[in-house]
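Fold and contact review
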Amino acid sequence: FCVHWQILPIARSMVQRDDAHLCFTQATTLCVLANAAFGILGYSFFGSETSSLILNNLGGTTIDTFVRYSLVVDMIVSAPIMLNALREIIEKKIVTRRGVKPRLALFPRWVQQTVIRTVLVMMSVGVARLSSVGEIANL
């Protein structure tokens, strides 16, 4: 429901950028309410026996296996897209800008960018190794 990785491009393309905060607050509130309504309806229909991981409620058919693998592929493909906004923010704050060399810039720009991107990927791999992420994939 929420596509937080799109906030920066949406804010940049808005005609009235000053309204971005209000727009995002309203959109987030709507998403929270939609998720809460979905959860309440799910609980009222299926009760407390239902696992919080929806995939655990599926059977063992071929379609269920296809859905599981599709979700894994979706997570793999969407991870770089979601990291893009985070990478952009971090690089703007840390990386030496072209033509401007701060006193603490010990390494060239490309080295700084490579280190930041490598650390972000390593953090993603670390998160992927958490048991709850494995339970979601449930392979």
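This text follows the structure it describes.
Below: a short report on this structure.

**What to know about a nonpolar patch on the surface**
Taken together, the side chains of Leu58, Ile63, Phe66, Val67, Leu71 and Met75 make up a nonpolar region of the molecular surface, amounting to roughly 520 Å² of accessible area. Note that Met75 resides in helix α3 (residues 62-94). Classification of Met75 as partly exposed rests on a relative accessible area of 32%.

**Things to note about the pattern of salt bridges**
Following the criterion strictly, the structure yields two salt bridges and no others. Across the pair Arg87 and Glu91 runs a salt bridge whose closest N-O atoms are separated by 2.9 Å. Taken together, the residues span about one helical turn, with Arg87 and Glu91 both in helix α3 at a distance of four residues. Take Glu91: its relative accessible area is 9%, and that puts it in the buried class. Shared partners join several salt bridges into a network, and the residues in it are Arg87, Glu91 and Arg117.

**Some words on α3**
Taking 1.5 Å per residue as the helical rise, α3 with its 33 residues ought to reach 48 Å, and the 48 Å between its terminal C-alpha atoms agrees with that figure. When the local axis directions of α3 are compared, the greatest deviation, roughly 35 degrees, occurs at Ser78, which is followed within four positions by the proline Pro80. Listed as buried for α3 are Asp64, Arg68, Val72, Ser78, Ala85, Glu88 and Glu91.

**Re helix α4 (residues 109-128)**
One turn of the α-helix equals 3.6 residues, which is why residues spaced by three or four share an orientation. The end-to-end C-alpha distance of α4, which contains 20 residues, comes to 29 Å, matching closely the 28 Å that a straight helix rising 1.5 Å per residue would cover. Along α4, the residues that are buried comprise Gln112, Gln113, Ile116 and Leu120. Viewed along the axis of α4, the buried residues span an arc of 100 degrees, placing them on a single side of the element. Away from the buried face of α4 by more than 90 degrees, exposed residues Trp110 and Met122 are located.

What counts as what
Residues numbered from 1 in each chain as written. Predicted model: local features only at pLDDT ≥ 70, side-chain atom pairs only at ≥ 80, totals over all residues. Heavy atoms only, no water. Patch = residues over 30% accessible without salt bridge, like charges linked within 9 Å, V, L, I, M, F, W, Y side chains within 5 Å. Areas by Shrake-Rupley, 256 points an atom, 1.4 Å probe, with all protein chains shown as cover. Salt bridge = Lys/Arg side-chain N within 4 Å of Asp/Glu carboxyl O. Helix = DSSP H or I, 4+ residues; strand = E, 2+ residues; numbered from the N terminus. Buried < 20%, exposed > 50% of the residue type's maximum accessible area, 1.4 Å probe, protein only. Expected span 1.5 Å × (residues − 1). Bend = angle between axes of the 7 residues up to and from the residue. Arc of directions from axis to C-beta.

Take it as geometry only, folks, not as evidence of what the structure does.
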